[in-house]
Amino acid sequence: MNDIRIVDAKKITETVRDLCIKANLCLNDDVRQALFNASLSEENQTAKKVLNLLLENAKLAEVNQLPLCQDTGMVIVFVTIGENVHVTGNISAAINEGIRVGYRKGYFRNSVIDSPLSRNNTNDNTPAVIHYDFAPGDEIKITVMPKGFGSENMGNMKMLNPADGIAGAEEFIIETVKKAGANPCPPLIVGVGLGGTMEKAALLSKQALIRAVGSPNPDPVLNELEERFLRRINQLDIGPAGYGGLTTALAVQIVSYPTHIAGFPVAVNTACHALRHRTEII
Amino acid sequence: MEIMTPFLDETIKNLRAGDNILLSGFLYTGRDAAHKRLLELAENGKKPPFDYGGQAIYYTGPCPAPPGRVIGSAGPTTSGRMDSFSPRLIKEGLRVMVGKGARGEAVTNAIKEHQGLYLAALGGAGALLSLCITESEVIAFADLGTEAIYRLTVLKMPLIVAIDSEGRSIYK
């Protein structure tokens, strides 16, 4: 039998705390680069100005240690646990404690409420939405993604028929972005999940957002679809902040999964230009 | 163009959708939960916590103020969620709204009918916008936390006229 590595749950708390703080204060380089590239290629002068203001906002946030956006989100956490790791303590509790401490320390907004019905603020931005997975090895990989609801509210999913095909999925994706208009704070990163089941497609569309913006999809078929969808989305003239222009999205990122003979699930998760996620391996 | 609050009839009339303005003066914050309460006050014939005359409501739920600052990040939230409340508040005398994103037909009609104005702040630029805020004070519904009504003093806050008093919109 392999040696089992012991990890103290406290280490998970500290990691989640630091990831929350970094994610909210510091725009990832890939998104920053994509905004910069768009500011150079954008032809609409208002749009160019907006893109430069967004880069300025990222700079000001970092210098002044202010969150990029006041909606510091509900936190989604992806955890991949190595099969040869044993965590002492409750992992979910440790993750939520990391959020609690990080949000207090960072002076971030508490946006989570106890129930969609009673709607009382939990006052510490917990609980998180946590997705667990397992992998060989003795490491723990944690990705923290604070997601604002201006963009989250504009996501959508549909159970298409196989006969609808990729053309049906394409129309649904474009229509979702078009309907969202200025609300999700374009330029967007459009996460797409194809296949699986209803909840799997939704999860894939969120996981799709983690890939570095500007990196090609390793699957050439999906890569071609991403490029085609992005071209169409950027012809919608929604533009940065919805004021018009060529930059409605910075990227379309697709993840696909096996599905059932009778189905073609498609989910779209829109992320704003302040796409925040940070990963660390313990 | 620089504008000071309170908004004068003349100022509102002269602004056109697409105009860039720098706003100084007061902004009263209010989003989903505060709007629900403002509507209840109106429906019960009670006075709002601030006089709507010439004032602007800013759809934001700010972050807490870090040490040495008056407020944390404070960018706009999606205005569309306030669409079911706004026509009534406009009827009560509210003239100017600040947020992000398109508004429904009923809001646009109310803006036209009562010579109002809808201004857009840059969504997701919460850090940049918070640096235009020089004072902040909770004036009502303190129990709502970030959703309380704050009176913000702003200095040269960059905004764009999104819907003007004739109902023209920058959003398609």
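Whatever comes next refers back to the structure up there.
Residues numbered from 1 in each chain as written. Chains lettered and ligands numbered in written order. Predicted model: local features only at pLDDT ≥ 70, side-chain atom pairs only at ≥ 80, totals over all residues. Heavy atoms only, no water.

**Q** How do you make sense of the overall build of chain B when you look at a structure like this?
**A** In terms of helices and strands, chain B carries 5 helices and 7 strands. Start at the N end of chain B and walk to the C end: the helices and strands fall as β-α-β-α-β-α-β-α-β-α-β-β. In terms of C-alpha radius of gyration, chain B reaches 15 Å, essentially the compact-globule figure of 16 Å for 172 residues. If you line up chain B on its principal axes, its C-alpha atoms span 45 × 40 × 25 Å. Per-residue burial for chain B yields a buried fraction of 57% across its 172 residues. In chain B, the proportion of contacts linking residues at least 24 apart, taken out of those at least 6 apart, comes to 63%. Separation between the mean location of the 19 positive side-chain charges and that of the 18 negative ones in chain B comes to 2 Å. (Helix = DSSP H or I, 4+ residues; strand = E, 2+ residues; numbered from the N terminus. Rg over C-alpha atoms; globule rule 2.2 N^0.38 Å. Buried < 20%, exposed > 50% of the residue type's maximum accessible area, 1.4 Å probe, protein only. Contact = heavy atoms within 4.5 Å. Lys, Arg positive; Asp, Glu negative; His and termini not counted. Charge placed at Lys NZ, Arg CZ, Asp CG, Glu CD.)

**Q** Can you help me understand the interface of chain A and chain B in this one?
**A** A common way to state how big an interface is: give the accessible area lost once the parts meet. The partner chain B presents 39 residues to the 30 residues of chain A that form the contact. Taking both sides of the interface into account, the surface hidden between chain A and chain B amounts to around 2,500 Å²; carbon and sulfur atoms contribute 61%. The interface formed by chain A and chain B includes 0 salt bridges. Counting residues per element, the side of chain A that touches chain B draws most heavily on helix 3 (residues 45-64) of chain A, at 9 residues. Across the side of chain A that touches chain B, the residue classes break down as 15 nonpolar, 11 polar and 4 charged. (Buried area = accessible area lost by both parts, 1.4 Å probe. Salt bridge = Lys/Arg side-chain N within 4 Å of Asp/Glu carboxyl O. Nonpolar A, V, L, I, M, F, W, Y, C, P; charged D, E, K, R; others polar.)

**Q** Explain the side chain of Arg-31 of chain B to me, please; I cannot follow it from the model alone.
**A** Locating Arg-31 of chain B in the fold gives a position in the loop between strand 2 (20-29) and helix 2 (32-43). Here Glu-147 of chain B takes part through its side chain, which lies 3.4 Å from a polar atom of the side chain of Arg-31 of chain B. With residues near it in sequence (within four places) discarded, Arg-31 of chain B still touches Arg-109 of chain A together with Thr-60, Gly-61, Thr-77, Arg-81, Met-82 and Glu-147 of chain B. (Polar contact = N/O pair within 3.5 Å; in protein donor to acceptor, adjacent residues only side chain to side chain.)

**Q** Help me understand the sheet that holds strand 8 (residues 249-259) of chain A in this model?
**A** The strands making up a sheet are joined through hydrogen bonds of the backbone, oriented either antiparallel or parallel. All names here are of chain A. If you trace the 4 strands from one edge of the open sheet to the other, you get 6-9-7-8, paired in mixed fashion. Two strands bound the open sheet, and with one partner strand each, they are strand 6 (156-160) and strand 8. The mean angle between the axes of side-by-side strands here comes to 15 degrees, regardless of whether they run parallel or antiparallel. In terms of strand pairing, strand 7 (residues 188-196) meets strand 9 (residues 264-271) through 6 bridges, oriented antiparallel. Along strand 9, the bridge assignment pairs Val-190 with Thr-270. (Pairing = 2+ DSSP bridges. Axes fitted to C-alpha atoms, helices over the stretch in contact; angles between N-to-C directions.)

**Q** Before we go on, may I ask you to explain unusual backbone geometry in this structure?
**A** The phi angle of most residues is negative, glycine excepted, and most peptide bonds adopt the trans form. A cis amide bond links Pro-186 of chain A to the next residue, Pro-187 of chain A, at an omega of 5 degrees. Considering the arrangement of structural elements, one finds Pro-187 of chain A in the loop between helix 6 (165-180) and strand 7. Here Thr-5 of chain B and Pro-6 of chain B are connected by a cis peptide whose omega angle stands at 0 degrees. If you trace the backbone, Pro-6 of chain B turns up in the loop between strand 1 (2-4) and helix 1 (9-14). Its identity as a non-glycine residue notwithstanding, Tyr-107 of chain A has a phi of 55 degrees, on the positive side. Its place among the elements puts Tyr-107 of chain A in the loop between helix 4 (91-105) and strand 4 (129-135). Assessed through its relative accessible area of 32%, Tyr-107 of chain A is described here as partly exposed.

So, to be careful, I would describe these as geometric facts and stop short of saying anything about function.
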